Amino acid sequence: MNTARGTLLVISGPSGTGKTSICHALLEQVPETVWSVSVTTRPRRGHEQDGEAYHFVDEGRFDELLAEDAFLEHATYLGHRYGTLKAPVEQAVARGQVVVMEIDVQGAAQVAARMPDSLRIFILPPTPETLQARLAGRRTETAELQARRLARADGEIAFARAEGIYQYFITNDILKDSIDEVIGILKQERERT
Ligand code: 5GP
């Protein structure tokens, strides 16, 4: 049994930066990592299974969870609500696991305040054009939604930098290098604590 305390690893970044690919690689390559399954009111996309990437709920259920104080953090992103449940995160950290949370800047600010010893990394696109090209390549979304995500990216980056929420910023130019960098930071952090 692992007696060391676990790590809360927050990964954020505008959509299209490749943060989800980085998270998947972490889960595959680093032992003891677990994915934090967020709760959201956003509609399920075609390929998504309930309980895998997200728990999909309606507004009423989200309100109930809020009233029960079940969330470690929560935020509204492009009109839909998202939140991280406290209980599974606390249990995994107590088991000594690394909990990988992919959440937005508002949520990361709440985690930074509540759990200052968490590790928080922001993934940047190499250039604004890369972001545009990556988002345009997504077939699951309308052009309007892609435009809204892109419009939001600048604000997210500015907020992330100004608020001092993140200990690390990584520019995701070559995916493999970014994955190695995140794994390196995580290792260093695990050794330190
Ligand atoms: P998507 O709808 O594209 O899966 O996610 C939209 C945004 O919501 C992304 O920036 C993602 O990181 C963020 N997000 C996903 N889950 C959570 C959560 O539990 N809390 C917060 N604050 N943001 C989340």
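Fair warning: this is a prediction, and the values are worked out from it, not measured in the lab.

Criteria and thresholds
- Residues numbered from 1 in each chain as written.
- Predicted model: local features only at pLDDT ≥ 70, side-chain atom pairs only at ≥ 80, totals over all residues.
- Heavy atoms only, no water.
- Helix = DSSP H or I, 4+ residues; strand = E, 2+ residues; numbered from the N terminus.
- Buried < 20%, exposed > 50% of the residue type's maximum accessible area, 1.4 Å probe, protein only.
- Contact = heavy atoms within 4.5 Å.
- Near = heavy atom within 4 Å.
- Polar contact = N/O pair within 3.5 Å; in protein donor to acceptor, adjacent residues only side chain to side chain.
- Areas by Shrake-Rupley, 256 points an atom, 1.4 Å probe, with all protein chains shown as cover.
- 1 Å grid on protein atoms, 1.4 Å probe; cavity = no way out; pocket = protein on both sides within 12 Å on 5 of 7 lines; lining within 4 Å.
- Sits in = over half its atoms within 2 Å of the grid points.
- Nonpolar A, V, L, I, M, F, W, Y, C, P; charged D, E, K, R; others polar.
- Pairing = 2+ DSSP bridges.
- Axes fitted to C-alpha atoms, helices over the stretch in contact; angles between N-to-C directions.
- Parallel < 35°, antiparallel > 145°, perpendicular 65-115°, else oblique.
- Left-handed = near helix turned anticlockwise from the far one by under 90°.
- Core = buried A, V, L, I, M, F, W, Y, C linked by side-chain atoms within 4.5 Å.

**Student:** Lay out the overall build of the protein chain in plain terms, naming residues and giving numbers.
**Tutor:** Secondary structure summary: the protein chain contains seven helices and nine strands in total. A buried classification covers 45% of the 193 residues belonging to the protein chain. Long-range contacts, defined here as pairs at least 24 residues apart, represent 68% of the contacts in the protein chain between residues at least 6 apart.

**Student:** Got a sec to walk through the site of the ligand? Specific residues and values, please.
**Tutor:** The ligand sits among 16 residues. The nearest are Ser-38, Arg-42, Tyr-54, Tyr-82 and Asp-104. Measuring from an oxygen atom of the ligand, one finds a side-chain N or O atom of Thr-84 at 3.3 Å. A distance of 3.0 Å separates an oxygen atom of the ligand from a polar atom in the side chain of Arg-149. For the ligand, the protein covers 95% of the area, taking 510 Å² as the surface of the free molecule. Structurally, the ligand is housed in the largest pocket. Those elements that provide at least two residues to the shell around the ligand are β5 (71-77) and β6 (80-85). In the shell around the ligand, the residues fall into five nonpolar, four polar and seven charged.

**Student:** How would you summarise the sheet that holds strand β3 (residues 38-40) if you had to cite specific residues and measurements?
**Tutor:** Strand order across the open sheet formed by four strands is β4-β3-β6-β5, with mixed pairing between neighbours. What marks the edges here is a single partner per strand, and that holds for β4 (54-56) and β5. Within the sheet, the average angular offset between the axes of one strand and its neighbour, ignoring direction, is 25°. Together, β3, β5 and β6 form the strand contacts of helix α2 (residues 59-67), whose direction differs from that of β6 by roughly 40°.

**Student:** Outline the environment of Glu-64, supporting the account with residue identities and numerical values.
**Tutor:** When you line up the elements, Glu-64 lands in helix α2. According to the relative accessible area criterion, Glu-64 is partly exposed, its value standing at 43%. Taking the C-alpha atoms as reference, Glu-64 lies 33 Å from Ala-158; in sequence the two are 94 residues apart.

**Student:** Just give me the short version of the environment of Ser-12, but keep the residues and values in it.
**Tutor:** Checked against the element boundaries, Ser-12 lands in strand β1 (residues 7-12). Judged by relative accessible area, which is 0%, Ser-12 ranks as buried. In this structure the C-alpha to C-alpha distance between Ser-12 and Val-105, which are 93 residues apart in sequence, comes to 6.5 Å. When near neighbours in sequence (up to four residues on either side) are disregarded, Ser-12 contacts Lys-19, Ile-103, Asp-104, Ala-108, Ile-121, Phe-122, Ile-123 and Tyr-166. Here the side chain of Ser-12 touches Ile-103 through a polar contact of 2.7 Å, landing on its backbone oxygen. Of note is the side chain of Ser-12, whose polar atom sits 2.7 Å from the side chain of Tyr-166.

**Student:** Explain the side chain of Glu-189 residue by residue, including any values.
**Tutor:** Mapped onto the elements of the fold, Glu-189 is located in helix α7 (residues 175-192). In this structure Glu-189 comes out as buried when scored by relative accessible area, which is 10%. Here Glu-189 is in contact with Thr-7, Asp-117 and Leu-119, once residues within four sequence places are set aside.

**Student:** Now, about the packing of helix α5 (residues 128-136) against helix α6 (residues 143-163): what can you tell me, with residues and values included?
**Tutor:** The interhelical angle for the contact between α5 and α6, taken along N-to-C directions, is 155°, at an axis separation of 10 Å. Looking at the two axes, α5 sits roughly antiparallel to α6. Classified by chirality, the crossing of α6 by α5 is right-handed. Here Leu-131, Gln-132, Leu-135 and Ala-136 of α5 lie close against α6, whose contacting residues are Gln-146, Arg-149, Leu-150 and Ala-153. Classifying every residue of the contact of α5 with α6 gives five nonpolar, two polar and one charged.

**Student:** Tell me what's going on with the nonpolar core, and back it up with residues and numbers.
**Tutor:** Counting residues in each nonpolar core, the largest one holds 20 residues, and the members touching the most others are Leu-8, Leu-72, Val-99, Met-101, Val-111, Phe-122 and Tyr-166. Only β1, α3 (86-94), β7 (98-102), α4 (105-114), β8 (119-124) and α6 provide two or more residues apiece to this core. Top contributing element to this core by residue count: α4, with four residues. Leave out the neighbours within four places in its chain, and Val-99 touches Thr-7, Leu-8, Leu-9, Val-34, Ser-36, Val-89, Ala-92 and Val-93. Of all hydrophobic cores here, the second largest spans 18 residues; its members include Leu-9, Ala-25, Leu-119 and Leu-186.

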